[in-house]
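Observations on the model geometry
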Amino acid sequence: VKDITVGHCVRHEGGWDRTVSTFDAVFSMRKIARDLKLKGRVTKLDIARYMYGEPLQFEPGTDSEYSNFGYVLLGLVVEKKSGKPFMDYLRQNVLKPIGVSDVFVARTLRQDRRDREVSYDDPNLGESAWDPWSDKRVPYCYGGEGWTTEAMAPGGGLIASAPAVVKFIQKNAVWGLGGRMANAARSGGMAGVASLAWSRGDGIDWCYIFNTRTISQTALQKVGDDLQAAVTAAKL
């Protein structure tokens, strides 16, 4: 674990493979809080403390497997090196220079959502990560899938408008490192959201964000395919 570098985390080469360990720290915050005997919900640092010394699934730098936890660690590195909260650094040094403002740390609880933020839709209920000692079951998309957005901000806990995502990928790679990445796309989803961002080869960038992932994969694929076909047919 002491051999893991910033570059490893950026490239998902840190050594964590959730398909092998069957454990994703970002989606296990209730368990982490209880195992650490915290009085309340976890922080980013609690997650890192819990995972330190846990077995890796491969030697850092020898493979690449997507890791939400690696992104959470990167957020902690940003805070340590800059002396600023992650969101403040992101807003001042990354988003403001390219004219993006519609990006925020999401709130776990429905009643705390922002004025323009949608309600998320997911029929599943689970044990709360927001209140890890409560037996009350809550919607997956509001803490019941094992996470709080505040503690996973760098690794999936941000909200953004579709235009904000498009502005970002006009200047930055939609996936990985570097500048705009033509003919590349990135999809993502969790309880209450399904999204896709795409940088076309002809300079057009586009994004969709739905407030659910529970429609059938066939239906979601058809919506995505139809939208992609329409956007592909559009001209500058």
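Conventions we followed
- Here, residues in each chain are numbered from 1, in the same order as that chain's written sequence.
- Selection of residues for local features in this predicted model requires a pLDDT of at least 70, selection of side-chain atom pairs for listing and counting requires 80 or more, and totals for whole chains, interfaces and linings are taken over all residues.
- With hydrogens and water stripped out, all remaining heavy atoms of the structure feed into the side-chain values.
- Whether a residue is buried, partly exposed or exposed follows from its accessible area with a 1.4 Å probe, protein chains only, as a fraction of its type maximum: under 20%, in between, or over 50%, in that order.
- The way it works is that DSSP assigns letters per residue, a run of H or I at least four long becomes a helix, a run of E at least two long becomes a strand, and they are numbered from the N terminus.
- In this description, contact between two residues means that some pair of their heavy atoms is separated by no more than 4.5 Å.
- In this description, one arc is meant: the one made by directions from the helix axis to the C-beta atoms.
- Centres within 6.5 Å make a pair out of two Phe, Tyr or Trp rings, where for Trp the six-membered ring is used; the pair is then stacked when the planes are under 30 degrees apart, edge-to-face when over 60, and tilted otherwise.
- A ring is considered to have a charge above it if a Lys NZ or an Arg CZ atom is located within 6 Å of its centre and within 35 degrees of its normal.
- Here a salt bridge means any side-chain nitrogen of Lys or Arg lying within 4 Å of a carboxyl oxygen belonging to Asp or Glu.
- Here a polar contact means two N or O atoms within 3.5 Å. Within protein one must be a hydrogen donor candidate and the other an acceptor candidate, and residues neighboring in sequence count only if both atoms are side-chain atoms.

Attention shifts here to helix H7 (residues 162–171). Turning to H7, its buried residues are Ala-164, Val-166 and Ile-169. Elements in contact with the buried residues of H7: strand S1 (103–105), strand S4 (158–160), strand S6 (193–199) and strand S7 (205–210).

Let us look at helix H6 (residues 86–95). For H6, every residue scored as buried is listed here: Phe-86, Met-87, Leu-90 and Leu-95. Looking down the long axis of H6, one finds its buried residues gathered within 90° of arc, a one-sided arrangement. Contacts made by the buried residues of H6 are with helix H5 (68–82), S1, S4 and H7.

All told, the structure shown has eight aromatic pairs when counted by the stated rule. Ring geometry for Tyr-66 versus Tyr-71: centroids 6.2 Å apart, planes at 65°, classification edge-to-face. Given a relative accessible area of 21%, Tyr-71 falls into the partly exposed group. Members of the aromatic cluster, joined through ring pairs, are Trp-198, Trp-206, Tyr-208 and Phe-210. Here Arg-41 stacks its cationic end above the ring of Trp-130, 3.5 Å away from the centre of that ring. Residue placement shows Arg-114 over the ring face of Phe-104; its charged tip is 3.6 Å from the ring centre.

In this section: the pattern of salt bridges. Close approach of charged atoms allows side chains with opposite charge to pair. Overall, the coordinates contain 11 salt bridges when judged by the stated rule. Taking the shortest distance from any N to any O, the salt bridge between Arg-30 and Glu-127 comes out at 3.5 Å. Highlighted residues: Arg-30 in helix H3 (residues 29–35) and Glu-127 in strand S2 (residues 125–127), separated in sequence by 97 residues. Residue class for Glu-127 comes out partly exposed when judged on its relative accessible area of 41%. When salt bridges that share partners are traced, they join Asp-122, Glu-145 and Arg-213 into one network.

On to the environment of Thr-108. Mapped onto the secondary structure, Thr-108 falls in the loop between S1 and S2. Overall, Thr-108 belongs to the buried group, its relative accessible area being 0%. As a C-alpha pair, Thr-108 and Ala-173 span 65 residues in sequence and 28 Å in three-dimensional space. Once residues within four sequence positions are removed from consideration, Thr-108 is found in contact with Trp-130, Cys-141, Tyr-142, Gly-143, Trp-147, Thr-148, Thr-149 and Glu-150. In this structure the side chain of Thr-108 is engaged in a polar contact, spanning 3.0 Å, whose partner is the backbone nitrogen of Thr-149. Among the polar contacts made by the side chain of Thr-108, one reaches the side chain of Glu-150 at a distance of 2.5 Å.

Structural measurements only, silent on function.
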